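# Structural overview
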Amino acid sequence: MRLAEIPALIILGALASFVGQVNADLKGVFGHYLIGSLGGASEAVKDVQDAKKMGLDAFALNVQDATAPFATNAIQLLFSAAEANGFKLFFSFDMTTLTDPSTFIPLLLQYQTSPAYYFHESRPFVSTFDGGNVAFGKSTPNEGWQIQFKDVLANSGVNPFFVPDFDDFNHQLGGTYDVQFFQDFTVLDGVFSWESAWPEVPEGHVNVSSAKDKTGLTNAHAAGKVYMMPLSSFQFKHIDANQNFYRLGGLNLAQRIGQVLELQPDFVEIITWNDSGESHFVGNIFPEPIAGSPAIQAYADGFDHTAWQNVLAPFIVAYKNSKTSAADVVPFGAFAGAFWYRPLLLTAQCPNDSLGKPDGAQNAVDELSFAVLLPADSSGVTVRVLSGGTVTATLPTTPGLNAATVPIRLGSQRVELVAADGNIIGAGVGTKDVVGETDGVCNFNYEVANIS
């Protein structure tokens, strides 16, 4: 039954519109959007409308190929949809595949004049995925980006507000933005960190840390720059021997929400809206982008993560209103929430999967995680978890964001919200039973269920 969600969506739309008008140039919250094939204008419109309802300010369009017809068509459809629906977009150039700014500068020049292009301080916002190591034939990456990117754009009268993900600088994976970094990279206006969104595999089963974000934020501000902080749920990729890994997982999303509120970064980028290949999507997954990838289809088809939006939408409002505690993330109605779990136990051997378990599987736990939002005047509500038809946990709650994990069992999964008088006020049921073995892929993707 989904009737209870209707008024919440109406309120959400109104609040998102109001906050956007008040803070049009402050505290932008973006969704990382992987450019792939789209089936038509209706898919672009749905993505834009859904993102706007959730409270996003813009999509960061991850461009891996700036000239391929599938990419230019998708970009055109998205800008048309954004223009028609009062939404914004900006480019995040993927420097793992792009090699020369001359290939993507024309795209920026073409679309930065669109009313749907996102501007900050009257300048078109531009980001990247990686790029801290590329010099484009110059002596340093900073010089390369200045001469081959910024100076070329200046010749056309364009001065981008440049906030790249350069945490690959000095050939690192997730480097920390120290004082020296900002002395070396004067070309940028701020930085984004992709890798700080999750614990690294060698760290083991640990909570995500915000230490890199704190350092990056402090040093960016000291240099007169901005910091864009990543927010994500987990990461799972299972394509080939070089792309088979899992990064927690569990309470990562809820913990990052608390860290963002505590640090109050200048911008937030949610990883991701639609990257099915890395499994951390919170938006729509359409068939066209993965039609040519049977490997991704095998672990992404049938997995819907949109219930995470129930938690993210109130978070966005709290962040934009400078709330600093998870207790301030309250629902738009009587409650909101989601729960998630891996439908395959760790004991599975996956005998027909040539890739086997992903790197990082050793850090995973067989558990069900939930995030429940309750209003400020809430009292006496408990969360009841039923795993395999048995009540495995009954946990108290407080106003705001409540998040926890409980052990999981074989079979069906259900989460209930129980009022002080014993009545069930909300519930959700997973669409996938937990199993102990599979004759398919060793899938570490999450089933994400709505609590309504």
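How each quantity is defined
Residues numbered from 1 in each chain as written. Predicted model: local features only at pLDDT ≥ 70, side-chain atom pairs only at ≥ 80, totals over all residues. Heavy atoms only, no water. Buried < 20%, exposed > 50% of the residue type's maximum accessible area, 1.4 Å probe, protein only. Helix = DSSP H or I, 4+ residues; strand = E, 2+ residues; numbered from the N terminus. Pairing = 2+ DSSP bridges. Right-handed = clockwise from strand over helix to strand, strands pointing away. Disulfide = S-S within 2.5 Å. Axes fitted to C-alpha atoms, helices over the stretch in contact; angles between N-to-C directions. Expected span 1.5 Å × (residues − 1). Contact = heavy atoms within 4.5 Å. Core = buried A, V, L, I, M, F, W, Y, C linked by side-chain atoms within 4.5 Å. Salt bridge = Lys/Arg side-chain N within 4 Å of Asp/Glu carboxyl O. Phe/Tyr/Trp six-rings, centres within 6.5 Å; stacked < 30°, edge-to-face > 60°. Lys NZ or Arg CZ within 6 Å of the ring centre and 35° of its normal.

## Observations concerning the pairing of strand S3 (residues 88-94)
For a regular strand, the rule is simple: side chains alternate between the two faces of the sheet. Along S3, 6 of the 7 residues are buried, which leaves the element largely enclosed by surrounding structure. Here strand S2 (residues 58-63) runs beside S3; their pairing, made up of 6 bridges, is parallel. Paired with Phe59 across the bridge in S3 is Leu89. Each parallel crossover has a hand, and the one from S2 via helix H3 (residues 69-85) to S3 is right-handed. With 4 bridges connecting them, S3 and strand S5 (residues 123-129) associate as parallel partners. Within the sheet, the bridge partner assigned to Asp94 lies in S5 and is Phe129.

## As for the state of the cysteines
A complete count under the given rule lists 1 disulfide for this structure. Through a disulfide, Cys350 is tied to Cys442; the S-S separation comes to 2.3 Å. On the sign convention where negative means left-handed, the S-S torsion of about 60° between Cys350 and Cys442 marks this disulfide as right-handed. Here Cys350 is found in the loop between strand S12 (336-341) and strand S13 (367-374), whereas its partner Cys442 is found in the loop between strand S18 (424-429) and strand S19 (447-450), with 92 residues between them in sequence.

## Considering the sheet that holds strand S17 (residues 413-418)
In space, the 4 strands of this open sheet follow the order S15-S14-S17-S18, with antiparallel pairing throughout. Across the chains shown, the open sheet's two edge strands, defined by having one partner strand only, are strand S15 (390-396) and S18. Across the sheet, the mean angle from the axis of one strand to that of its neighbour is 15°, orientation sign disregarded. In this structure, strand S14 (residues 382-387) lies alongside S15, joined through 6 bridges in antiparallel fashion. Residue pairing in the sheet places Thr382 in a bridge with Pro396 of S15.

## Digging into helix H7 (residues 211-222)
Here H7 contains 12 residues, and its C-alpha end-to-end distance of 17 Å stays within 8% of the 16 Å for a straight helix at 1.5 Å per residue. For H7, the elements touching its buried residues are helix H6 (179-184), strand S8 (226-232) and helix H8 (252-263). Gly224 sits one or two positions beyond H7 and adopts a positive phi of about 75°.

## Considerations on the environment of Ser42
Along the polypeptide, Ser42 turns up in helix H2 (residues 41-54). Taking the relative accessible area as the measure of exposure, Ser42 reaches 57% and is therefore exposed.

## Regarding the nonpolar core
Ranked by internal contacts, the top residues of the largest apolar core, which has 119 residues, are Leu56, Phe59, Phe91, Phe93 and Phe315. If you look at the next biggest cluster of nonpolar residues, it comprises 20 residues, including Leu368, Phe370, Val372 and Val385.

## Topic: the pattern of salt bridges
Across all of its chains, the model carries 11 salt bridges by this definition. The residue Lys432 makes a salt bridge to Glu447 at a minimum N-O spacing of 3.3 Å. Taken together, the residues Lys432 in the loop between S18 and S19 and Glu447 in strand S19 connect sequence positions 15 residues apart. By relative accessible area, Glu447 is classed as buried at 3%. Overlapping salt bridges bring together Arg384, Arg414 and Glu416 as one network.

## A word on the packing of aromatic side chains
Applying the stated criterion across every chain yields a total of 46 aromatic pairs. On the basis of an interplanar angle of 10° and a centroid distance of 6.3 Å, the ring pair of Phe79 and Tyr117 is categorised as stacked. Taken together, the residues Phe79 in helix H3 and Tyr117 in the loop between helix H4 (105-111) and strand S4 (119-120) connect sequence positions 38 residues apart. For the pair Phe79 and Tyr117, one class covers both residues: buried. Note on Phe136 and Trp145: the rings are 5.0 Å apart at their centroids and 75° apart in plane angle, and the pair reads as edge-to-face. Pair check on accessibility: Phe136 and Trp145 agree, each one buried. The ring of Tyr319 carries Lys27 above its face, with NZ or CZ at 4.9 Å from the centroid. The aromatic ring of Phe444 is capped on one face by Arg342, whose charged end is 4.9 Å from the ring centroid.

## Here we look at unusual backbone geometry
Here the residue pair Leu248 and Gly249 is connected by a cis peptide bond, since its omega of 10° sits within 30 degrees of zero. The linkage connecting Ile271 with the following residue, Thr272, adopts the cis geometry, with an omega of 0°. Although it is not a glycine, Ser122 sits at a positive phi angle of roughly 65°. On the secondary structure map, Ser122 appears in the loop between S4 and S5. Despite not being glycine, Phe136 has its phi angle at roughly 50°, a positive value. Structurally, the position occupied by Phe136 is in the loop between S5 and helix H5 (141-154). By relative accessible area, Phe136 is classed as buried at 15%.

## Comments concerning the sheet that holds S13
Ordered in space as S16-S13-S12-S19, the 4 strands form an open sheet in which the pairing is antiparallel. Each end of this open sheet is capped by a strand with a single partner; those strands are strand S16 (400-407) and S19. Taken over all neighbouring pairs, the strand axes of this sheet differ in orientation by 15° on average, direction set aside. Bridge count for S12 against S19 is 4 bridges, and the pairing is antiparallel. Across the sheet, residue Trp340 finds its bridge partner in S19, namely Val448.

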